[in-house]
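The residues making up each chain are set out below.
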Amino acid sequence: MKDNTELSERLRQLRKNAGLSQEQLAETLHISRQAVSKWESGVSNPDIQNIVQLGKLYGISTDSILLEESPAPEAADIMPQTSDAAPTEEKPSVRDHNPANGFLWAVLGAVIVLVLYLVTNMF
């Protein structure tokens, strides 16, 4: 991985090329603005999940972020998310599930166990 100063400068430049403020980037990644500031000042580094999300947002590979393998895309190539834009539908994550689903699986499991018990005791 690159020197921490180079990485922090790279992160700052990518954000600016995308036309995003620290606050806008933080909102997009669901983190605090202070976290973005720490990355860009070299106090801390983004975790791997945020590196992946940054790559997707900027349209570049994670290697490009960490190793600066290719030049940063032009700002015109990146569509920053603004509050004026219509909200897009996001795929629900694995964590975004309906609590009733767990209950239904538990009931289904209990029914299967009961049926198996009754079938094995009948013969």
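Residues numbered from 1 in each chain as written. Predicted model: local features only at pLDDT ≥ 70, side-chain atom pairs only at ≥ 80, totals over all residues. Heavy atoms only, no water.

(A) Region of the structure containing the packing of helix α2 (residues 22-29) against helix α3 (residues 33-41). Two elements in contact, α2 and α3, have axes separated by 8 Å at closest approach and are oriented at 115°. Put simply, α2 runs roughly perpendicular to α3. Crossing angle aside, the handedness with which α2 passes α3 is right-handed. Mapping the contact onto sequence places Gln22, Glu23, Leu25, Ala26 and Leu29 in α2 and Arg33, Val36, Ser37, Trp39 and Glu40 in α3. Residues belonging to the contact of α2 with α3 are distributed by class as follows: 5 nonpolar, 2 polar and 3 charged. (Axes fitted to C-alpha atoms, helices over the stretch in contact; angles between N-to-C directions. Helix = DSSP H or I, 4+ residues; strand = E, 2+ residues; numbered from the N terminus. Parallel < 35°, antiparallel > 145°, perpendicular 65-115°, else oblique. Left-handed = near helix turned anticlockwise from the far one by under 90°. Contact = heavy atoms within 4.5 Å. Nonpolar A, V, L, I, M, F, W, Y, C, P; charged D, E, K, R; others polar.)

(B) Looking closely at the packing of α2 against helix α4 (residues 48-58). Two elements in contact, α2 and α4, have axes separated by 11 Å at closest approach and are oriented at 110°. By the angle between their directions, the pair α2 and α4 is classed as roughly perpendicular. With respect to the hand of their crossing, α2 and α4 are arranged in right-handed fashion. Contacts between α2 and α4 involve Leu25, Thr28 and Leu29 on the former and, on the latter, Asn50, Gln53, Leu54, Leu57 and Tyr58. Looking at the contact of α2 with α4, its residues break down into 5 nonpolar, 3 polar and no charged.

(C) Representation of the environment of Gln49. By secondary structure assignment, the location of Gln49 is in helix α4. Look at Gln49 and you get exposed, because its relative accessible area is 54%. Once the C-alpha coordinates of Gln49 and Leu29 are considered, the two residues, 20 residues apart in sequence, prove to be 9.7 Å apart. (Buried < 20%, exposed > 50% of the residue type's maximum accessible area, 1.4 Å probe, protein only.)

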